[in-house]
Amino acid sequence: MEISEGMEIQSRSGHFKLWRDLELLEYQDKFVFKAAESPDQGFTLRRSDGNIEPLTSDPHSESPPKVSTIYGVAGTIRLLSGTYILVITSRKEVGHYLGFPVFRVMSMKFLSCNRTLRFSNSQEKRDEDYFRTLLRVLESTPGLYYSYETDVTLNLQRRYKLAEGWMSKPIWKQADPRFVWNKNILEDLIENKLDGFIIPLLQGSFQTGRLKLKNSPATIALISRRCTRRLGTRMWRRGANLEGDTANFIETEQLLEFEGFRCSFLQIRGSIPLIWEQIVDLSYKPRLNVINHEQTSTVVERHFRDIIQRYGETVAVDLTDKQGDEGQLSSAYADVMQKLTNVRYVSFDFHHHCGSSNLDNIQLLYDQVSNDFEKQGYFLADWEGKILLEQKGIIRSNCIDCLDRTNVTQSYLAQKSLNSQLQRLGVLSSTESISTFNEDIEIFITLWVEQGDEISLEYSGTHALKSDLVRYGKQTFAGIIKDGISALSRYYLNNFQDGVRQANFLGLQDAMDLISGHYTVNSNSPSQFQPDGFEKFPYIPVASALLIGGLTATTLTLNQAGRNTQHFMSSLICAGVAAGMMALVKANGRQFCSRPRLCGLL
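All of these numbers come straight from a predicted model, not from anything done at the bench.

Parameters at a glance
- Residues numbered from 1 in each chain as written.
- Predicted model: local features only at pLDDT ≥ 70, side-chain atom pairs only at ≥ 80, totals over all residues.
- Heavy atoms only, no water.
- Helix = DSSP H or I, 4+ residues; strand = E, 2+ residues; numbered from the N terminus.
- Expected span 1.5 Å × (residues − 1).
- Buried < 20%, exposed > 50% of the residue type's maximum accessible area, 1.4 Å probe, protein only.
- Phe/Tyr/Trp six-rings, centres within 6.5 Å; stacked < 30°, edge-to-face > 60°.
- Axes fitted to C-alpha atoms, helices over the stretch in contact; angles between N-to-C directions.
- Left-handed = near helix turned anticlockwise from the far one by under 90°.
- Contact = heavy atoms within 4.5 Å.
- Nonpolar A, V, L, I, M, F, W, Y, C, P; charged D, E, K, R; others polar.
- Salt bridge = Lys/Arg side-chain N within 4 Å of Asp/Glu carboxyl O.
- Pairing = 2+ DSSP bridges.
- Right-handed = clockwise from strand over helix to strand, strands pointing away.
- Polar contact = N/O pair within 3.5 Å; in protein donor to acceptor, adjacent residues only side chain to side chain.
- Core = buried A, V, L, I, M, F, W, Y, C linked by side-chain atoms within 4.5 Å.

Novice: Help me understand helix 10 (residues 404-424), please; the structure alone is not making it clear to me.
Specialist: Since there are 3.6 residues in each turn of an α-helix, residues three or four apart along the chain are aligned in direction. Compared with an ideal rise of 1.5 Å per residue, which puts 21 residues at 30 Å, helix 10 spans 31 Å between its outermost C-alpha atoms and is within 8% of the ideal. For helix 10, a buried count of 15 out of 21 residues is recorded, marking the element as mostly surrounded by other parts of the structure. Looking one or two residues beyond helix 10, the residue adopting positive phi is G426, at roughly 85°.

Novice: Looking at this structure, how should I read the packing of aromatic side chains?
Specialist: By convention here, two paired aromatic rings are described through the distance between centres and the angle between planes. Summed over the entire model, instances satisfying the criterion amount to 13 aromatic pairs. Residues Y333 and Y345 carry aromatic rings whose centres are separated by 5.1 Å and whose planes lie at 75° to one another, so their mutual orientation is edge-to-face. Of this pair, Y333 sits in helix 7 (residues 324-337) while Y345 sits in strand 17 (residues 343-347), and the two are 12 residues apart along the sequence. Through a chain of ring-to-ring contacts, three or more aromatic side chains come together here, namely F265, Y366, F373 and Y412.

Novice: Teacher, can you tell me more about the environment of N215 here?
Specialist: Structurally, N215 can be placed in the loop between strand 10 (202-211) and strand 11 (218-226). The exposed category is assigned to N215, whose relative accessible area is 76%. Remark: the alpha-carbon pair of N215 and V427, spanning 212 residues in sequence, is separated by 9.7 Å.

Novice: Is there a simple way to think about the packing of helix 10 against helix 11 (residues 438-459) in this case?
Specialist: How two helices sit against one another is set out by the angle between their axes and by the gap between those axes. Contact geometry of helix 10 with helix 11 gives a least axis separation of 11 Å together with a crossing angle of 145°. As for how helix 10 packs across helix 11, the hand of that crossing is right-handed. Seen from helix 10, the contacting residues are N407, Q410, S411, A414, Q415 and L418; seen from helix 11, they are I441, F444, W448, Q451 and G452. For the contact of helix 10 with helix 11, the residue count by class is 5 nonpolar, 6 polar and no charged.

Novice: Looking at this structure, how should I read the pattern of salt bridges?
Specialist: If charged atoms from side chains of opposite charge come close, those side chains can pair. Applying the stated criterion across every chain, the model contains 26 salt bridges. As a salt-bridge pair, R225 and E253 come within 2.8 Å of each other at their nearest N and O atoms. Highlighted residues: R225 in strand 11 and E253 in strand 12 (residues 250-258), separated in sequence by 28 residues. Each member of the pair, R225 as well as E253, is classed as buried. Across the salt bridge formed by R262 and E257, the nearest N and O atoms sit 3.2 Å from each other. Residues participating in the shared-partner salt-bridge network are R158, D176, R178, R225, E251 and E253.

Novice: I keep staring at the sheet that holds strand 3 (residues 42-46) and nothing clicks. Help me out?
Specialist: Whenever strands of a sheet pair, they do so through backbone hydrogen bonds, lying parallel or antiparallel. In spatial order, the strands read 4-3-2-1-5; together these 5 strands make up an open sheet with antiparallel pairing. Across the chains shown, the open sheet's two edge strands, defined by having one partner strand only, are strand 4 (52-54) and strand 5 (66-70). Pairwise comparison of adjacent strand axes, ignoring direction, gives a mean angle of 25° for this sheet. Relative to strand 3, strand 2 (residues 30-35) runs antiparallel, the two being bridged by 5 bridges. Each bridged residue has a counterpart across the sheet, and for F33 the counterpart in strand 3 is F43.

Novice: Looking at this model, I keep getting lost on the pairing of strand 16 (residues 313-318). Mind explaining?
Specialist: The side chains of a regular strand alternate, first on one face of the sheet and then on the other. Counted residue by residue, strand 16 has 5 buried out of 6 residues, so it is predominantly covered. In the sheet, strand 16 pairs with strand 20 (residues 393-398) via 6 bridges, with the strands oriented parallel. Looking at the pairing, V315 lines up with I395 of strand 20. The pairing of strand 16 with strand 17 spans 5 bridges and is parallel. Within strand 17, the position partnered with D318 by the bridge is S347. Tracing the backbone out of strand 16, into helix 7 and back to the parallel element strand 17 gives a crossover that is right-handed.

Novice: Any chance you could explain the side chain of D321 here in plain terms?
Specialist: Take D321: it is sitting in the loop between strand 16 and helix 7. A polar contact of 3.3 Å, which involves the side chain of D321, links it to the side chain of R405. Those residues within four positions of D321 in sequence are excluded, and the remaining contacts are E326, G327, S330, D349, H351 and R405.

Novice: Is there a simple way to think about the nonpolar core in this case?
Specialist: Nonpolar side chains in soluble globular proteins tend to end up buried together. L256, V317, F350, L365, V369, L425 and F444 are the most contacted members of the largest nonpolar core, which has 43 residues in total. Put simply, the parts of the chain that give this core at least two residues each are strand 11, strand 12, strand 13 (261-269), strand 16, helix 8 (350-354), helix 9 (362-376), helix 10 and helix 11. In terms of residue count, the dominant contributor to this core is helix 11 (6 residues). Ignoring anything within four residues of it in the chain, the contact list for L425 reads L256, F258, F261, C263 and L380.

This is how it looks when you write it as C-alpha cells:
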C-alpha cells in the first residue's frame, strides 16, 4: 500500500494514527476536506456526481461560502438522488483504552451531493423523502465510539495474539468487521486509499472508572461491542437469520489495568438462536412465535460453531421463564441444544428464582456454572507484554431481549472475575472481595448500570429494567416506578416508532437496514413504500377519533338515558360504535402498528 509522506510521519511511532481535526470547505460544486494538522492532506467530493478526487494544490476561483471544523468522515451512501457523506460534527472524550483517548460521537450530519430529481416520477420523489428521513434518524444514532490512535473493536486477548506490526496497519484494517457500525459506508473511502481519514465506529458502550483499592489505584473499563450482522430494534430483530447471526449480539469486555498488568474478562449475549418472531399488535406483550423451519438445527450449529472458533468452549445460559410463551421458546431451544454435544446448555428461570428481591438466589446459577467459569478464567499480561493467562472459553447469556436479566447476570459474573483478578495480583487477599470497599464497589456497579442503560437504549429505545437489582441486590419502590415508565415507553416505541408506517414517526429498523447494507437503494427496483390496505388513509387518527367520540357520546347520553327512550337508543348506538371500533382495532392490531418496510424479518 502506498502512503503519503505525511502518513509515514504518523506511522513511525509504531501505531497508525488518524487525522483528528478536519477543515471542511463547502463550495457550490464540491466539498473539500483537509487535515488541520497538515493542510496538504485531504480529498474533494464532487457535488455533481459524488465522486471522490485527490486534493489538488490548484487555487479555487472563489472563496468557499462556508468553512467549518469537523472531527471525522464516517462514510458515504448513495440514494436515488445521489451521494450523501456522513461527517462527525461534535465529539466528547470519554476515557482511554490501553492508553489511547476514546471519543463518543455527539452529533453527525449527512451532507448532500444531490443530482436533480426533476426527471423523477412522483413515487421516486416520495421514496427519496423517506430515505432522507432515515438519514436523519441515523444522524442521531446513540452509542458510537472511536479512537484516532487505536482500534476499539478488538478485545485484548485477540490484540495480543496478532502478528507483530499489526498496529502499524490502517485502523480500519485492524478492526473486527463484526463490530464496525459504518462498515458498509466506508467502501468509497477505502477504494480511494484515504486510510488516514477512515474511522471505524463502534456501537455499544464505553465506560471507565478509577479504583482506589487500598491506595493501589487501578483503572477499570467496560466495553460492549454490538455486532452489525443482525442489527435492529427490539421487536423487529429477534432470534437468528439463516446464517446463524443473532439479534442483539454483544461482546462485553471488562478490562483492568494495574501497575503494568492488564486483565480482560469477556462475556457475550445474543438472542435465542432459533428462528422466531414477536410481531407487535398493540397488545402489551405480543405472542412469541417459534417458526418451524427445516434449517433450524443448522442455524443453531452455525451460530455456536462461530462462537467456539472465536472464543473457545462455550456455556449457553438461558435465563427465560419456563411458563407461557417464553416457556415454549425456552423448551424449543433446550430441545435443539440437546443435539449439540460441544456446547453446555444451562437453563435458569431468573424470574422464578430471583424475582424482584431475591438476587442472592443467583448463586444457584453460579453453582451450576462455577466449574466452567473458573476453568475458562480470564486473560492476563504483564508489563513486558508477556501473556501469563488466557481466557479459554466464554459464557453466552440470554433472556428474551438480552437486556435486563442478562445484564444483572453478567454483572454478577464480572464481579466474580474481578475478585479473582485482584486476588491474583495481590491487591486483595483470598478472603476479600471488591464489595468490601464501598467506593470501589459503587464505581463498579455504576459502570454496569450505565452500560446496561446504554445498550438498552440502542435496542429498545429505553433505559434498562432491573437496574436497581444491579445497584442494591433488590428491587426498590423507585426502581419499580422507573421500570414501569420504561416498560410503557417500550410499548409505545415498539408499536408506533420502530417502523416507517407513520409519516410522523421514525423508521428505526429501516434506518439500521439501510446503514448496515441489508438494504441497498436501487432506482431499478420497485418502490418499497407503495401503500396498501390500511395505509391508503390516515387510519390511526380516524380510528382514534371514532373511538374517543363514541366513548364520549356514550357517557353523555347515558347521563340522560333515563329521561326518555330516544336518549336510551342514542346511548346504545354510541356504545355500539365504540365497541365496534375497539373490536376493529383489536382484530387489526398489526395493521395499526408501525413496521419496517425495507427488509424481511430474516
